[in-house]
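Listed here are the chains, written in short residue letters.
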Amino acid sequence: MSVRTKPLQPLNSGQMNARNASNVTPIKLKKSTKDFYEHQQQQQQQQQKKKKKEKLSALCKTPPSVVRTRNGRDYRRGLFLGEGGFARCFQMKDSNGQIYAAKTVAKASIKNEKTKTKLLSEIKIHKSLKHSNIVNFIDCFEDDVNVYILLEICPNQSLMELLKARKRLTEPEVRLFMVQIIGAVKYLHERRVIHRDLKLGNIFFDPNMNLKIGDFGLASVLESFDSRKFTICGTPNYIAPEVLGGKANGGHSFEVDIWAIGIMMYALLIGKPPFQAKDVQIIYERIKKSEYSFPIDKPISAEAKVLIQDLLDVNPLRRPTIDEILSYDWFKGAFPDKTQETTLTKEPEGLTMISKNQSAMNFKNMKVNCGIYTPKTKNPVEILKTDLQSEESQMVLPRSLSPNDTKFKYKEVDPTMLTKKRFQFNSNFSNSVLDLDKTCHTTYVNMCKLETLVDSKLDTMTLPSCENPTLISKWVDYSNKYGFSYQLNNNDIGVLFNDGNTILKMTNNEKFLELLLHEQEGWTCIENSIYNAPSKCKKQLEIVDFFAKYMNSNLSKVSDVEERKEIVFLRRYTRTSDFIMFEMTNGSFQFNFKDHHKLVVSKNGLAITHISPTRITQTHPLILILKQGNFPSVSIPDCMEKIEIIKQAIREKAFV
Ligand code: ADP
């Protein structure tokens, strides 16, 4: 992932000591409600005096300028990013120049078992999550003094800083933020994770101004969907009434996150949280009665009020579910397509001018981007138009790229390649010769064979290794003019031009490959430098760059970046009303279905990969999936039907 961020800067002591005064430290107390209040009162009296000492993060020493991990990786420490109750956060740069955020916890602060368990739980939970609106967990390591949690960097601070700078936000902006937050919370709840500390200060902006939920320090995984939690925890302004009720009240569950979403929505639109008071005790009293008002001098729409009132219902069971929130009328208002960086300092212009249709389209696109997919369209052609042309709907495509302009819709590209053609590299990359028709045939035969083995014992079989394959993560069909452009999950970008030749531009590399199609021999590979491109390639390279720019700014990725393991490019693609099929030169077959689930058959049909609409990628031996009828841990709609469609599509290629 290319991260646009400020360069690493040396640490300065002023920044190092800067405290985030309004960043209220979350509480986590396992006490009865009565004890809890008493404790709170005592705490308040001493709070001002003790505040600095109480923060465990104060124990955190500045990490050395180079942190070396046990497996030999070096990270250079950079700018101080911020401080929570537990940790301090610093920029860290790896040897490739990639910048991350390192949440740094002093070992001195994790001496007792409880804190150790808490940190371990945070790491375990965060590590298991992968979603476009959750701060990505990268790695975890330690040195003598600190434990480091390496995270995707969010260089544009959090919603808290945004609100401080802007005082209040407009409804269209908040609508977009709400969808991104809801996308992440839906993902968490589906995995039985309750965040329990959702607040403006824990929701960060990534380099592209997308929101990402962070800080899983109070998160908890429920044993089952109907179990309850009893620990009183959260941040005062955001605590749900049932949490304050403690055990006597029957505990709390997912609805506490819904409540916090209501608090955030109110705070963003009005400028401060609804129950705000100097005295924490008064905050709690107000929360228990849901006692708040909409100030007349800060008008908001009636639709916004309805949603806030429902989210802040004292009875958790009456609050809307995560899916219900998005069907509130408030979401039918103006909806921008993205958040601009200028938003951080001033109110964006023209948001109320966004048309109803455009808003509806932006809302739908944003839901898809955030992993919230609601297939409401009845007309299948409609789904095809909006979803199949690319990973985004037609509205994000320039007119010239829209499906209506694609002359060769659903065509199979270059069917002549089905005849006996050979694929050959003559560069020093590879000398392998692959008979691609044979790959279709072998894959089909193996898939059929596996079906007959479904009842056999696994230990009698040799299972394939199951690393995730190289696959196409973004694409644009522009074959009515130039060709088919795609980006692989190793970030290489290719264009399969209409004459059958491909230009493959390697990421982080000055090289590009010209893959020339010959009538008899298949492809020849010529390696060139971009600085020294033959004149006949210059125009083509310009086209590749145009697509690269377009894809990077308009399309979201299907899967995360993987290292380049091999040189792979697209050999052929086929579009039908149900899927788009990519045949890759490494012998894998990728199928993007119109419901946003993707399957890749690799290893000559022995392995299968699933990429969920939220980009979770998993690869398994196909036999396991056939035996179980679906993938472990996710349920793919019509999984077996999809595998059958794949088999038949490959069969068609094998027997032409
Ligand atoms: P704590 O568990 O101590 O509350 P947080 O996760 O809230 O720690 O992190 C403390 C501070 O570090 C945040 O308030 C923020 O300023 C900064 N921070 C945390 N994660 C990131 C990130 N991914 N990118 C940039 N800054 C971050």
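Residues take numbers from 1 onward in each chain, read along the sequence in its written order. Under the rules for a predicted model, residues below a pLDDT of 70 receive no local features and side-chain atom pairs below 80 are neither given nor counted, while totals for whole chains, interfaces and linings still include all residues. Only hydrogens and water are set aside when side-chain values are computed; all heavy atoms of the structure are taken into account.

Caption draft 1: How the structure looks around the site of the ligand. Surveying the vicinity of the ligand reveals 18 residues, the closest of which are Phe86, Ala87, Lys103, Glu152 and Asp215. N or O atoms closer than or at 3.5 Å make up a polar contact, with two conditions inside protein: a donor-capable atom paired with an acceptor-capable one, and, for residues adjacent in sequence, both atoms drawn from side chains. Side-chain polar atom of Lys103 to an oxygen atom of the ligand: 2.8 Å apart, as the coordinates give it. Within the contact set of the ligand, a nitrogen atom lies 2.9 Å away from a backbone nitrogen or oxygen of Glu152. Per-residue and other accessible areas follow the Shrake-Rupley method at a 1.4 Å probe size, with only the shown protein chains counted as cover for residues. Notes on the ligand: free accessible area 550 Å², of which the protein chains cover 92%. A single heavy atom is enough: if one lies within 4 Å of a molecule or strand, its residue is considered near that molecule or strand.

Caption draft 2: Geometry of the sheet that holds strand β4 (residues 88-93). Pairing between strands requires that DSSP locate at least two bridges from one strand to the other. Only runs of H or I of at least four residues qualify as helices and only runs of E of at least two qualify as strands under DSSP, and these elements are numbered from the N terminus. The six strands are arranged β2-β3-β4-β5-β7-β6 in an open sheet whose pairing can be described as antiparallel. Looking along the sheet, the strands with just one partner apiece sit at the ends: β2 (66-68) and β6 (137-142). Pairs of neighbouring strands in the sheet enclose a mean axial angle of 35°, with direction left out of account. Where β6 lies against strand β7 (residues 146-152), five bridges are found, and the strand directions are antiparallel. Each residue of the ladder has a partner; that of Glu142, found in β7, is Val147. Each of β5 (99-106), β6 and β7 is contacted by helix α3 (residues 113-127), which is oriented at about 20° to β7, the strand it contacts most. Every angle, taken between N-to-C directions, lies between 0 and 180 degrees, and every axis is a line fitted to C-alpha atoms, over only the stretch in contact when it is a helix. Two residues form a contact once any of their heavy atoms are found within 4.5 Å.

Caption draft 3: Highlighting the nonpolar core. Core analysis: the biggest nonpolar cluster contains 76 residues, and Leu159, Ile261, Met265 and Phe331 have the highest contact counts within it. The leading source of residues in this core is helix α7 (residues 255-270), at 13 residues. If we skip the residues at most four places from it in the chain, Met265 touches Val174, Met178, Ala304, Leu307, Ile308, Leu311 and Trp330. Counting residues in each nonpolar core, the second largest holds 26 residues, with Cys440, Val601, Ile623 and Ile650 among its members. We define the nonpolar core as a collection of buried residues of types Ala, Val, Leu, Ile, Met, Phe, Trp, Tyr and Cys that are connected through side-chain atoms lying within 4.5 Å of one another. Burial classification: accessible surface area is computed with a 1.4 Å probe over protein chains only, and a residue below 20% of its type maximum counts as buried, one above 50% as exposed, and the rest as partly exposed.

Caption draft 4: Molecular detail of the pattern of salt bridges. Here, a salt bridge means any Lys or Arg side-chain nitrogen found within 4 Å of an Asp or Glu carboxyl oxygen. Under the criterion given, the structure shown has 28 salt bridges. The salt bridge involving Asp477 is made with Arg575; its shortest N-O contact spans 2.6 Å. Taken together, the residues Asp477 in strand β15 (residues 472-478) and Arg575 in strand β21 (residues 570-575) connect sequence positions 98 residues apart. Classification of Asp477 as buried rests on a relative accessible area of 1%. Sharing partners across several salt bridges, the network here consists of Lys103, Glu122 and Asp215.

Caption draft 5: Quick peek at the pairing of strand β22 (residues 579-584). In terms of residue burial, β22 counts as a mostly covered element, since six of its six residues are buried. In β22, alternate side chains face the same way, and those of Phe579, Met581 and Glu583 on one face and Ile580, Phe582 and Met584 on the other are all buried. Here β21 pairs with β22 via five bridges, running antiparallel. Considered in β22, the bridge of Arg572 is made with Glu583. The hairpin formed by β21 and β22 contains three residues between the paired strands. Here β22 runs beside strand β23 (residues 589-593); their pairing, made up of five bridges, is antiparallel. Among the inter-strand pairings, Phe582 is bridged to a residue of β23, identified as Gln590.

Caption draft 6: Examining the side chain of Arg175 more closely. Looking at the secondary structure, you find Arg175 in helix α5 (residues 171-190). On the accessibility criterion, Arg175 (6% relative accessible area) is buried.

Caption draft 7: Structural view of the confidence of the model for the chain. One number per residue, pLDDT, summarises how confident the predictor is, and it ranges from 0 to 100. Looking at the chain as a whole, the pLDDT averages 80, with 80% of positions reaching at least 70. Note that residues 1-23 has pLDDT below 50 and, in this model, 61 contacts with residues that lie over four places away or in other chains. This stretch, residues 29-38, has a pLDDT under 50; its non-local contacts, to residues over four places away or in other chains, come to 21 contacts.

Caption draft 8: Fine view of the packing of α5 against helix α11 (residues 356-369). Interaxial distance between α5 and α11 falls to 9 Å at its minimum, and their mutual angle equals 25°. Compared by their axis directions, α5 and α11 come out roughly parallel. Where α5 crosses over α11, the handedness of that crossing is right-handed. Touching Leu176, Val179 and Gln180 of α5 are Phe363, Met366 and Lys367, all from α11. Charged means Asp, Glu, Lys or Arg here, nonpolar means Ala, Val, Leu, Ile, Met, Phe, Trp, Tyr, Cys or Pro, and polar covers whatever is left, Gly included. Here the contact of α5 with α11 is composed, by residue class, of four nonpolar, one polar and one charged. Should an angle fall under 35 degrees it is taken as roughly parallel, and over 145 as roughly antiparallel, whereas 65 to 115 is taken as roughly perpendicular and any remaining angle as oblique. Left-handed is the label given to a crossing in which the near helix is rotated counterclockwise from the far helix by less than a right angle, and right-handed is the label when the rotation is clockwise.

Caption draft 9: Highlighting the packing of α5 against α7. At their nearest, the axes of α5 and α7 sit 11 Å apart, and the two run at 165° to each other. On the basis of their axis angle, the class for α5 and α7 is roughly antiparallel. Both α5 and α7 take part in a crossing whose hand is right-handed. Residues Glu171, Val174, Phe177, Met178, Ile181, Ile182, Val185 and His189 of α5 touch α7, and the partners they reach there are Asp257, Ile261, Met264, Met265, Leu268 and Leu269. Here the residues of the contact of α5 with α7 are counted per class, giving 11 nonpolar, one polar and two charged.

Caption draft 10: Structural detail: the packing of aromatic side chains. To pair, rings of Phe, Tyr and Trp, with the six-membered ring standing in for Trp, must have centres within 6.5 Å; the planes then decide the type, stacked if under 30 degrees apart, edge-to-face if over 60, and tilted in the middle. A complete count under the given rule lists 23 aromatic pairs for this structure. What links up through ring pairs into an aromatic cluster is the set Trp259, Tyr266, Phe275, Tyr292 and Phe294. Against the face of Phe593 rests Lys642, its NZ or CZ located 5.5 Å from the ring centre. Remark: a charge is flagged as sitting over a ring if the NZ atom of Lys or the CZ atom of Arg is within 6 Å of the ring centre and within 35 degrees of the ring normal.

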